[in-house]
Amino acid sequence: MKKLSYVLATMLFAGLPTLALAAGTIDGGTKQAVNVVAIGMFVAFVVFTLGITYWAAKQTASAADFYSAGGGITGFQNGLAIAGDYMSAASFLGISGLVYTSGYDGLIYSVGWLVGWPIVTFLIAEQLRNLGKFTFADVTSFRLGQTQIRILAACGSLVTVAFYLIAQMVGAGKLIQLLFGLDYWMAVILVGGLMMIYVTFGGMKATTWVQIIKAVLLLMGATFMAGAVLYKYGFSPEALFARATEVHPKKTAIMEPGSLISNPLSAISLGLALMFGTAGLPHILMRFFTVKDAQAARKSVLYATGFIGYFYILTFIIGFGAIVLVSTDAAFLDGGILDKTKSGIAAIKGGSNMAAIHLANAVGGNIFLGFISAVAFATILAVVSGLALAGASSISHDIYAMVIKNGKANEQDEIRVSKIATLFLGVLAIILGIIFENQNVAFMVGLAFAIAASCNFPVLVMSIFWKGLTTRGAMIGGFLGLISAVVGVILSPAVWEATLGNPKGSAPIPLDNPALFSISLAFAGIWLFSVLDRSVRAKADRGGFDAQYVRCQTGIGASGATTH
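Here the structure is a predicted model, which means the values were calculated and not measured.

Novice: Just to check I follow, could you spell out the overall build of the chain for this structure?
Specialist: Counting its secondary structure elements, the chain contains 23 helices and 2 strands. Each of the 564 residues in the chain was classed as buried or not, and the buried ones make up 60%. With an accessible surface of roughly 19900 Å², the chain has 68% of that area assigned to carbon and sulfur atoms.

Shown next, in the form of structure tokens:
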């Protein structure tokens, strides 16, 4: 496997000069000049993180090291890593892009995501650490049927990871397309290849440290960008917003709610997805197994919430900064689109996802553009690595080790299966990233949250807090939520019309986000089929609740850290 890593790394770096000169087209047909400074910083970061991966690979000897970094990450470090996971392409590129196009309403995603953290803090963080080992399926199957529940958990995790990966790959593809002047598909393949190297050889330890480093760099970069924008307006947000309403085509409407989501039902559905989806994201839930105990898990959430809240305030300023500084500067606009639309907002090179990247150039020149581009790429790469690890662990730990091998799998065989699964997930991410090229990345993550909130969250929270839950109820309710969420997403206008190319108005389901109905269906199904279940298995499920409750509240019997 080590030889494979060297071959992949060599191929990637050998191809960089060629790729950098292969000026492809950005939206509208204009060629992007090669940014030597940005490429230099990008390469430096990749070399540095590959070094971290090499160091982590030498320290990864057991399944605990590979899946959970041996449980030796501190609360503060894990808080930064969780923030790094959360400050993804959707947060940095997507939200600033939504604010750029829609103004105030672009914050609906960041507010929804942030509100999800108190749910994690008070409902599941401590219980997860006390009950689980490597994946959240360890928690849901604590007293329920191992085979059935782990299959359900793996299905929910993999579908969520797939949709989340789409957003990250689209963001990375657009970024590198803009930075290198590549064809979009080449950019996506480059990201997928690097992700496979990081996860396959470094595991959770490498992923965690890449997350921590990029979180610090991203917070520093975003702080400078927001500060530079406010400096141009005398540190007066009011002056910034006033100027934005002058130059934006929607004028004062950008300071009012309703421009992005006007249907109250859609707003409620999206809000539920963003709030409860956080508590069902497999790559976030895995992070609670990297700390030594439940106290450290709670501290992780406290630190993460602070970092994430601060960052979302900055993205709001960055979005409005892009309105006033990017949409009014011809250097950042596509001339052909500008002539057709007469709108600087619509004519931005690379699409609205690149608003923050262009703003970096506007306030800090070429050097800062290089820094932000490298950090944005690091952001995406680290999140993609975390997602791939979560998906691979569902296959190797939940399906292979616990279902196929009945908990008797050799650790090295389990890790080997995880690495093979990572390669398959990498290929899948590349294919999906190419298919969904023109979707806003924040919107795509919203769909992933809807699926997590409809399958993973209901089963997880009911297994922890409701004595009456049975294996049959969890299985039927969980799959009802999962299937209805996936069908709702596919048949929504955003996918049915925008992505699949069907005529406008032909979408069978008018809601862009199905969470309101799919979450309700999941909880109703779990409750109904558990209450009706009178089987022998159901009696054992209910009888195991007291032992589970004691452990989830006290931590007695929970696995400890293996490294410190």
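Back to the write-up after that little detour.
Novice: Sorry, what's going on with the packing of aromatic side chains here?
Specialist: Aromatic ring pairs are described here by two measures, namely the spacing of the ring centres and the angle between the planes. Taken as a whole and judged by the stated rule, the model has 14 aromatic pairs. Seen from their ring centres, Tyr 231 and Phe 235 are 6.1 Å apart, and the 70 degrees between their planes marks the pair as edge-to-face. An aromatic cluster is built from Phe 76, Tyr 303 and Phe 307, whose rings are joined through pairwise contacts.

Novice: What am I meant to see in helix α15 (residues 355-404) here?
Specialist: The periodicity of an α-helix, 3.6 residues per turn, causes residues three or four places apart in sequence to face the same way. Between its terminal C-alpha atoms α15 stretches only 47 Å, short of the 74 Å expected from 50 residues at 1.5 Å a residue. The largest bend in α15 amounts to roughly 140 degrees and is located at Gly 364. Most of α15 sits out of view: 39 of its 50 residues are buried. Positioned one or two residues after α15, Asn 406 has a phi angle of 55 degrees, which is positive.

Novice: Hey, could you run me through the pattern of salt bridges in this one?
Specialist: Once the charged atoms of two side chains with opposite charge are near each other, the side chains can pair. Under the defined criterion, the tally for this structure stands at 6 salt bridges. Residue Arg 416 is joined to Asp 413 by a salt bridge in which the shortest nitrogen-to-oxygen separation is 2.7 Å. Within this pair, Arg 416 and its partner Asp 413 are both found in helix α16 (residues 411-435), separated by 3 residues, close to a single helical turn. Classification of Arg 416 as partly exposed rests on a relative accessible area of 46%. Ionic pairing is found between Arg 537 and Asp 541, a salt bridge with its closest N-O pair at 2.8 Å.

Novice: Is there a simple way to think about the state of the cysteines in this case?
Specialist: Disulfide: a covalent bond formed between the sulfur atoms of two cysteine residues. Considering all chains together, one arrives at 0 disulfides under this definition. Here Cys 455 stays unpaired: no disulfide links it, and the sulfur of Cys 155, its closest cysteine neighbor, is 7.9 Å away.

Novice: Help me understand helix α11 (residues 264-277) in this model?
Specialist: In a regular helix each residue adds 1.5 Å, so 14 residues correspond to 20 Å; α11 covers 19 Å between its end C-alpha atoms and thus fits that length. For α11, every residue scored as buried is listed here: Ser 266, Ser 269, Leu 270, Leu 272, Ala 273, Leu 274 and Gly 277.

Novice: How do you make sense of the packing of helix α19 (residues 471-490) against helix α21 (residues 515-531) when you look at a structure like this?
Specialist: Each pair of packed helices can be described by the angle between their axes along with the distance between the axes. For the pair α19 and α21, interaxial distance at closest approach is 7 Å and the crossing angle is 165 degrees. Regarding the angle of α19 to α21, the classification is roughly antiparallel. Of the two elements, α19 crosses α21, and the hand of that crossing is right-handed. Facing α19, whose interface residues are Gly 473, Ala 474, Ile 476, Gly 477, Gly 478, Leu 480, Gly 481, Ser 484 and Ala 485, α21 presents Ser 518, Leu 521, Ala 522, Gly 525, Ile 526, Phe 529 and Ser 530. Grouping the constituent residues of the contact of α19 with α21 by class yields 8 nonpolar, 8 polar and no charged.

Novice: Whenever I open this one, the confidence of the model for the chain confuses me. Can you help?
Specialist: As a general rule, the predicted coordinates of low-pLDDT regions are not to be interpreted in detail. Across the chain, the average pLDDT comes to 80, with 88% of residues at 70 or higher. Per-element averaging of pLDDT across the chain places strand β1 (residues 25-26) at the bottom with 29 and α21 at the top with 94. Segment residues 1-31: pLDDT under 50, and 61 contacts once partners within four positions in sequence are set aside and those in other chains are kept.

Novice: Where do I start with the packing of helix α6 (residues 107-131) against helix α23 (residues 545-554) in this structure?
Specialist: Between α6 and α23, the least distance of the axes is 7 Å, while the angle of their chain directions is 110 degrees. Classified by the angle between their axes, α6 and α23 sit roughly perpendicular to one another. On α23, the residues that touch Glu 126, Gln 127, Asn 130 and Leu 131 of α6 are Gln 548, Arg 551, Cys 552, Gln 553 and Thr 554. For the contact of α6 with α23, a count of residues per class yields 2 nonpolar, 5 polar and 2 charged.

Novice: Looking at this model, I keep getting lost on the side chain of Thr 471. Mind explaining?
Specialist: Here Thr 471 lies in helix α19. A relative accessible area of 3% places Thr 471 in the buried class. Among the polar contacts made by the side chain of Thr 471, one reaches the main-chain amide nitrogen of Gly 145 at a distance of 2.9 Å. Residues within four places of Thr 471 in sequence aside, it is in contact with Leu 144, Gly 145, Gln 148, Ile 149, Arg 537 and Asp 541.

Novice: What is the right way to read the environment of Ala 137 from this model?
Specialist: Inspection of the secondary structure puts Ala 137 in helix α7 (residues 137-140). As a C-alpha pair, Ala 137 and Ser 394 span 257 residues in sequence and 8.2 Å in three-dimensional space. Ignoring anything within four residues of it in the chain, the contact list for Ala 137 reads Arg 150, Ala 153 and Asp 398.

About the thresholds
- Residues numbered from 1 in each chain as written.
- Predicted model: local features only at pLDDT ≥ 70, side-chain atom pairs only at ≥ 80, totals over all residues.
- Heavy atoms only, no water.
- Helix = DSSP H or I, 4+ residues; strand = E, 2+ residues; numbered from the N terminus.
- Buried < 20%, exposed > 50% of the residue type's maximum accessible area, 1.4 Å probe, protein only.
- Areas by Shrake-Rupley, 256 points an atom, 1.4 Å probe, with all protein chains shown as cover.
- Phe/Tyr/Trp six-rings, centres within 6.5 Å; stacked < 30°, edge-to-face > 60°.
- Expected span 1.5 Å × (residues − 1).
- Bend = angle between axes of the 7 residues up to and from the residue.
- Salt bridge = Lys/Arg side-chain N within 4 Å of Asp/Glu carboxyl O.
- Disulfide = S-S within 2.5 Å.
- Axes fitted to C-alpha atoms, helices over the stretch in contact; angles between N-to-C directions.
- Parallel < 35°, antiparallel > 145°, perpendicular 65-115°, else oblique.
- Left-handed = near helix turned anticlockwise from the far one by under 90°.
- Contact = heavy atoms within 4.5 Å.
- Nonpolar A, V, L, I, M, F, W, Y, C, P; charged D, E, K, R; others polar.
- pLDDT = per-residue confidence, 0-100.
- Polar contact = N/O pair within 3.5 Å; in protein donor to acceptor, adjacent residues only side chain to side chain.

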